[in-house]
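Each chain, written out:
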Amino acid sequence: MLQEESDLSLIIAQIVQKLKGSNLYSQLERQAWGSWEKRILKSLNSMCTELSIPLARKRPVGEQKELLNKWNEMGTDEPDLSLFRPVYAPKDFLEVLINLRNPNYENGDSLSFRTHLGLIQVPLKVKDIPELKECFVELGLNIGQLGIDDSTQVPPELFENEHVRIGQKVLSEQDSAAAQQYIRQGSPTALRAELWALILNISSQPEDVLYYEQLKTNVIQHDLLVDSLIYKDVKLTASNDDYYFVFEDYLYQVLLCFSRDTSVLSHFAFNSASPPKSYIRGKLGLEEYAVFYPPNVAPLCFLYHEPSKLYQIFREMYVRFFFRLHSISSHPSGIVSLCLLFETLLQTYLPQLFYHLREIGAQPLRISFKWMVRAFSGYLATDQLLLLWDRILGYNSLEILAVLAAAVFAFRAVNLMEVTSLAAAEAVLADLSTLKVMPLLQIFLFATVT
Amino acid sequence: MAGKVKWVTDIEKSVLINNFEKRGWVQVTENEDWNFYWMSVQTIRNVFSVEAGYRLSDDQIVNHFPNHYELTRKDLMVKNIKRYRKELEKEGSPLAEKDENGKYLYLFVSQSNKEAYVISLYINNPLLIGGRKFDLRLYVLVSTYRPLRCYMYKLGFCRFCTVKYTPSTSELDNMFVHLTNVAIQKHGEDYNHIHGGKWTVSNLRLYLESTRGKEVTSKLFDEIHWIIVQSLKAVAPVMNNDKHCFECYGYDIIIDDKLKPWLIEVNASPSLTSSTANDRILKYNLINDTLNIAVPNGEIPDCKWNKSPPKEVLGNYEILYDEELAQGDGADRELRSRQGQSLGPRAGRSRDSGRAILTTWK
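All of these numbers come straight from a predicted model, not from anything done at the bench.

1. Let's talk about the overall build of chain B
Here comes step 1: Each helix and strand in chain B was counted, giving ten helices and twelve strands.
Here comes step 2: Counting across all 362 residues of chain B, residues that qualify as buried make up 54%.
Here comes step 3: A fraction of 70% describes how many contacts in chain B between residues 6 or more apart in sequence connect residues 24 or more apart.
Here comes step 4: If you sum the accessible surface of chain B, you get close to 15,900 Å²; carbon and sulfur atoms cover 49% of it.

See the structure below:
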C-alpha cells in the first residue's frame, strides 16, 4: 500500500510538473500582463485623483445633446487636455518586453539563443529565412506582385490586367478563401475595400449599422476618462500627420465607439491580455471596459468612408491582428515574437551591422519597435502601407512586419555602418516615406545570399 | 564670367534665389545686361508697355507672357472662352455640339458686382473628404502658345479647409462662407480661404480609386487635363506669343461630388512662399524643373530655340499638350494617365467615350 501511495504521489507530482510546464507561458503572460495592466491602472487612477474626475460617469442630458450635435466635428474642439498625461508610450512597453524572463528556462535548450545579443530574452521559436521563404512563397522573384509589377515601366498586359481580372472574379464569386490567397500578390486599389471586407467576412447588414449606432449612443450617454486620452492621442498623432489629418473626426468616432464595444472584450476572455477596466458609476452596476489601442484606424479611412463599415473593418482588423501588437503573448504574431524575429533575422543575416549598432549603443530593436507596434502606419506612404496590410491579411500573420523592419535595415545598411551614435542611426531611419515595400521584402527574402 | 547666365528678380524668395545660385548664375540689376528676369506681374506690365519701348534681345528670357491677363483675369477669360466656343461651333467641331459644353461654365469667385461679365456658378455639392472641402492646386508650364506646348507638374496638391463643410441656405450668398465658416482673410495672390492642410494629388488619386473606383477617377483626371488645355487653347489666338517668354501658372480647381472638376481661377504668379519644410522642397523642385525646361542646360539662352526640351530634363513635369506633335502624326501625344487609358491612335472613336479622346482636342 505504501508503495502504491508513493507511486501515486510520484505520478501525481509528475503530472503536476507537466501541467506546470504546459501552463508556463500562459502563467508568464498573465504575470507580465498583470503587472503591465496594474501599472496602467495605477497611472490612470492617480490621474483621476489629481484631476478630481471619475474614471467613468454618466453624462447629463444637456451634455449628451451637445455631443450628438457635434458628433461629426469633434476634431474642432479644443478642450484643455494639457493635464492629461499619456498613459504609456511605446518606449515604456518595450521596456516591459525587454524585462520579460522565463524563470523555468533551462540553459540546455537552445544553443543559438544563448548567443542571442538582442534585447528580447524570451526564447520563443521564430522562423529563419528558409522557413520564411516557404511561408511567403507568393512573394518570390518570379511571381507577379502589385507594388512591383504595376509600376509605370511595366506594360500592364504582363501582369496587372490579368491580376485585376482575377480579383474581379474572386469578388463576384464572394469567395473569401480565394480572396485571401489572391491578395498575397497585392490588391488593385479599386478592389481593395471590397476584398478586405470579404476576407474579414464583413458584410453590411442593417444590424451592423444598428450595432454601430448603439455604440455611438453609449458614447453619447457615458463619458469615460479614457475618452480624453483617446482625444489627446488622436490630436497628437493623426492631426499632425500629412495624410491622416483629414480623417481626424472619423478617428474620434471610431475609437470612442471602440472603447465601448463589449464584443471586443469578450474576445479577450480567451486571451491572456485582459484590458484594464473602468466602471460606470451610478445605477448601472454593469462593468464597462476600456481598451487601449493604437491609432491604426487612419489608413482604413482611405478605403471606407461610411462610419459603421469603417468601424466594423477596424474592429475586425484589431481583433484578428493588431491587438497582438499591444499585448504580451507567445503567439508567433505577438509583439514579443515579432521583436525576436526581427532581432534574430538581423543578427543572423546582417551580423556586421547588428554588432556595429550594438557597439554604438543603438540596439536595432529600439528603432524598429515603434514601426512594428503600429504596423508601420504613420511611417510608410499610404499606398505602400496598404500593400503591406494586403499581405497581413493574405498570410494571416504579422510576421511580415518583422521581415520588413529587417529589410529596411538591410536597405540602409551602408549608411548605418557609418553612424556612431543612436541619434545618428535614428536619423538614417527617420524617413521611410519614400520606401517601396514590396521590392524591399522581395530582395531581403529571395535575393540575399544566406 | 563670360558664359554665365545673369539673373535679376524682384521677388525675394529663397526657392528662386537658391535655384539661380546652384546653377552658378550671376546676380545683376535690372539696369545691367541680364539674361534671365524672374519678375512679378507688375513688372512685366512695365517691361512690355508701349511707353517703355523695351526691346528684349535674343539672349533674354522672362517668366511671363505680356498679356497673360487674358488667361488670369476672369472677365477676359470668359470672353475668350465664349469666342473659342463660337469658333468650334463654326468649324462644326464635335466638341461644340456637346450640350455639356454649356456646363463648361467657369466658376469665378469675385467680390465685385460686375454682373456683366462674371459668370458665377455656385458649386453647392463639392466633393468632401473627411467631411472637409478642398481645392486642387496644379502647376502648368507654358513654353509657347503657338504652337501650344504645355507641361503639367506631377506634384500638385489639395488644400483642405480647417473646418467642416455645413451648407446652410442663409450662407449661400457668400461663396466664401462655404469655404470656411470664419471670416475671410485675403492672402495675396491665393484666393480667399484658410488652408487647413495639404494632400498630394497622388494621395487624392489613391483615395478616389479606393473609394470610388478606377474608371471614374481616371475620367476625373482626364477632365482636369482637358479643362486646362481648353483654357490655354482658348487664349492662344490672342496671346502675345513673344518668344522671350514662358510662364508657370497655378490652376485652382474644385471637384464636385459627382467627380466633375471646375476651374476656379488661373494664377500667373503662384505663391512661392512656403509654410512648411515639405512645401519649401516642393516649390524649390518646381522652380528647378521649370528652369531646366525654360533655360536649357542652364546656359545663356537663345530665344530662337525650338522650345522642345529632351525628355530627360522634364523632372516632375510631364507633357500635357504638344500641338506640334498632336498635329504631326495623328496619334495622341497628350498627357495620358497610365492607369486610365490604352496607348495608340484613337481615330474614329465615338464622341460618347467622353473627353478621354484626346485627338478631338486638335
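Having seen it, we continue.
2. Some points on the overall build of chain A
Here comes step 1: Tallying secondary structure elements over chain A gives 22 helices and four strands in all.
Here comes step 2: Across chain A, contacts joining residues at least 24 apart in sequence account for 77% of those joining residues at least 6 apart.
Here comes step 3: When the accessible surface of chain A is summed, it comes to about 20,500 Å², and 55% of that surface belongs to carbon and sulfur atoms.

3. Description of the sheet that holds strand β2 (residues 26–27) of chain B
Residue and element names in this part refer to chain B.
Here comes step 1: An order of β2-β1-β3-β4 is seen for the four strands of this open sheet, with the pairing classed as parallel. Only two strands of the sheet have a single neighbouring strand rather than two, namely β2 and β4 (61–62).
Here comes step 2: Its contacts with the sheet place helix α1 (residues 14–22) against β1 (6–9) and β3 (36–38), and it is angled at close to 175° to β1.

4. Remarks on the pattern of salt bridges
Residue and element names in this part refer to chain B.
Here comes step 1: Taken as a whole and judged by the stated rule, the model has 25 salt bridges over all chains.
Here comes step 2: E324 is the partner of R149 in a salt bridge, and the nearest nitrogen-oxygen pair spans 2.7 Å. Of this pair, R149 sits in strand β7 (residues 148–153) while E324 sits in helix α10 (residues 323–329); the two residues are 175 residues apart in sequence, bridging distant segments of the chain.
Here comes step 3: In this structure, a network of salt bridges that share partners links the residues D135, R137, R159 and D252.

5. A few points about helix α14 (residues 307–320) of chain A
Residues and elements named next belong to chain A.
Here comes step 1: Taking 1.5 Å of rise per residue, the 14 residues of α14 would be expected to cover 20 Å, and the 20 Å separating its terminal C-alpha atoms lies within 8% of that figure.
Here comes step 2: Taking burial as the measure, the 14 residues of α14 include eleven buried ones, the bulk of the element.
Here comes step 3: Buried within α14 we find S308, K309, L310, Y311, Q312, I313, F314, R315, M317, Y318 and V319.

6. Remarks on the interface of chain B and chain A
Here comes step 1: Each side of the interface is counted separately: chain B has 20 residues, and chain A has 27 residues.
Here comes step 2: With both sides pooled, the region where chain B packs onto chain A buries about 2,000 Å², and carbon together with sulfur makes up 55% of that total.
Here comes step 3: Counting across the interface, chain B meets chain A through one salt bridge.
Here comes step 4: Here K214 of chain B makes a salt bridge to E160 of chain A, at a shortest N to O gap of 3.7 Å.
Here comes step 5: Here chain B is connected to chain A by one residue pair in polar contact (both at pLDDT 80 or more).
Here comes step 6: Breaking the side of chain B that touches chain A down by element, the ones donating at least two residues are β8 (157–164), β9 (195–200) and α7 (201–212) of chain B.
Here comes step 7: With six residues, the top contributor of residues to the side of chain B that touches chain A is α7 of chain B.
Here comes step 8: Broken down by class, the residue content of the side of chain B that touches chain A amounts to five nonpolar, nine polar and six charged.

7. Examining the packing of aromatic side chains
Here comes step 1: Scanning all chains against the criterion turns up 32 aromatic pairs over all chains.
Here comes step 2: Summarising the aromatic geometry, the rings of F302 of chain A and Y207 of chain B are spaced 6.0 Å apart at their centres and angled 80° between planes, so their arrangement reads as edge-to-face. Of this pair, F302 of chain A sits in the loop between β4 (287–289) and α14 while Y207 of chain B sits in helix α7, on two different chains. Take F302 of chain A and Y207 of chain B: they sit in the same class, and that class is buried.
Here comes step 3: A centroid spacing of 5.3 Å and a plane angle of 35° characterise the contact between F134 of chain B and F160 of chain B, whose relative ring orientation is tilted. A residue pair is termed long-range when its members are at least 10 positions apart, and F134 of chain B in strand β6 (residues 132–145) and F160 of chain B in strand β8 qualify at 26 residues.

8. Some words on the environment of V142 of chain B
Residue and element names in this part refer to chain B.
Here comes step 1: Secondary-structure assignment places V142 in strand β6.
Here comes step 2: Put simply, V142 and K219 are 77 residues apart on the chain and 24 Å apart in space, counted from C-alpha to C-alpha.
Here comes step 3: When residues no more than four places from it in sequence are discounted, the contact partners of V142 are F65, L148, R149, C150, L232, F246, E247 and Y249.

9. Regarding the state of the cysteines
Here comes step 1: Counted according to the given criterion, the structure contains zero disulfides over all chains.
Here comes step 2: With no disulfide partner, C339 of chain A has as its closest neighbouring cysteine sulfur the one in C135 of chain A, 18 Å distant.

10. A short note on the nonpolar core
Here comes step 1: Counting residues in each nonpolar core, the largest one holds 185 residues, and the members touching the most others are Y145, L232 and Y249 of chain B.
Here comes step 2: Of all hydrophobic cores here, the second largest spans 28 residues; its members include W7, F36, I61 and L272 of chain B.

11. Notes on the side chain of S337 of chain A
All names here are of chain A.
Here comes step 1: Turning to its location among the elements, S337 is positioned in helix α15 (residues 335–349).
Here comes step 2: Under the relative-accessibility criterion, S337 is labelled buried at 2%.
Here comes step 3: Other than its neighbours up to four places away in sequence, S337 contacts L124, V126, S330, H331 and P332.

12. Re the packing of helix α10 (residues 206–221) of chain A against α14 of chain A
Residue and element names in this part refer to chain A.
Here comes step 1: With their axes 9 Å apart at the nearest point, α10 and α14 run at an angle of 85° to one another. Taken together, the axis directions place α10 and α14 in an arrangement best described as roughly perpendicular. Facing α10, whose interface residues are D208, V209, Y211, Y212 and L215, α14 presents P307, S308, Y311, Q312 and R315.

13. Topic: the packing of α15 of chain A against helix α19 (residues 399–411) of chain A
Packed helices, taken two at a time, are described by the angle their axes make and the gap between the axes.
All names here are of chain A.
Here comes step 1: Their axes nearest at 8 Å, the elements α15 and α19 cross at an angle of 35°. The handedness of the crossing between α15 and α19 comes out as right-handed. Residues L338, L341, F342, L345 and L346 of α15 lie in contact with α19, whose contacting residues are E399, L401, A402, V403, A405, A406 and F409.
Here comes step 2: Grouping the constituent residues of the contact of α15 with α19 by class yields eleven nonpolar, no polar and one charged.

14. Overview of the confidence of the model for chain B
Residue and element names in this part refer to chain B.
Here comes step 1: When pLDDT is averaged along chain B, the result is 75, and 70% of the positions lie at 70 or above.
Here comes step 2: Element-level pLDDT for chain B is lowest in helix α6 (residues 175–179), with a mean of 43, against a maximum mean of 95 in β7.
Here comes step 3: Low pLDDT, under 50, characterises residues 96–120; the stretch is placed with 55 contacts to residues that sit more than four places away or in other chains.
Here comes step 4: Both scores are given for the predicted complex: the pTM is 0.76, the ipTM 0.72.

Cut-off values and rules
- Residues numbered from 1 in each chain as written.
- Chains lettered and ligands numbered in written order.
- Predicted model: local features only at pLDDT ≥ 70, side-chain atom pairs only at ≥ 80, totals over all residues.
- Heavy atoms only, no water.
- Helix = DSSP H or I, 4+ residues; strand = E, 2+ residues; numbered from the N terminus.
- Buried < 20%, exposed > 50% of the residue type's maximum accessible area, 1.4 Å probe, protein only.
- Contact = heavy atoms within 4.5 Å.
- Areas by Shrake-Rupley, 256 points an atom, 1.4 Å probe, with all protein chains shown as cover.
- Pairing = 2+ DSSP bridges.
- Axes fitted to C-alpha atoms, helices over the stretch in contact; angles between N-to-C directions.
- Salt bridge = Lys/Arg side-chain N within 4 Å of Asp/Glu carboxyl O.
- Expected span 1.5 Å × (residues − 1).
- Buried area = accessible area lost by both parts, 1.4 Å probe.
- Polar contact = N/O pair within 3.5 Å; in protein donor to acceptor, adjacent residues only side chain to side chain.
- Nonpolar A, V, L, I, M, F, W, Y, C, P; charged D, E, K, R; others polar.
- Phe/Tyr/Trp six-rings, centres within 6.5 Å; stacked < 30°, edge-to-face > 60°.
- Disulfide = S-S within 2.5 Å.
- Core = buried A, V, L, I, M, F, W, Y, C linked by side-chain atoms within 4.5 Å.
- Parallel < 35°, antiparallel > 145°, perpendicular 65-115°, else oblique.
- Left-handed = near helix turned anticlockwise from the far one by under 90°.
- pLDDT = per-residue confidence, 0-100.

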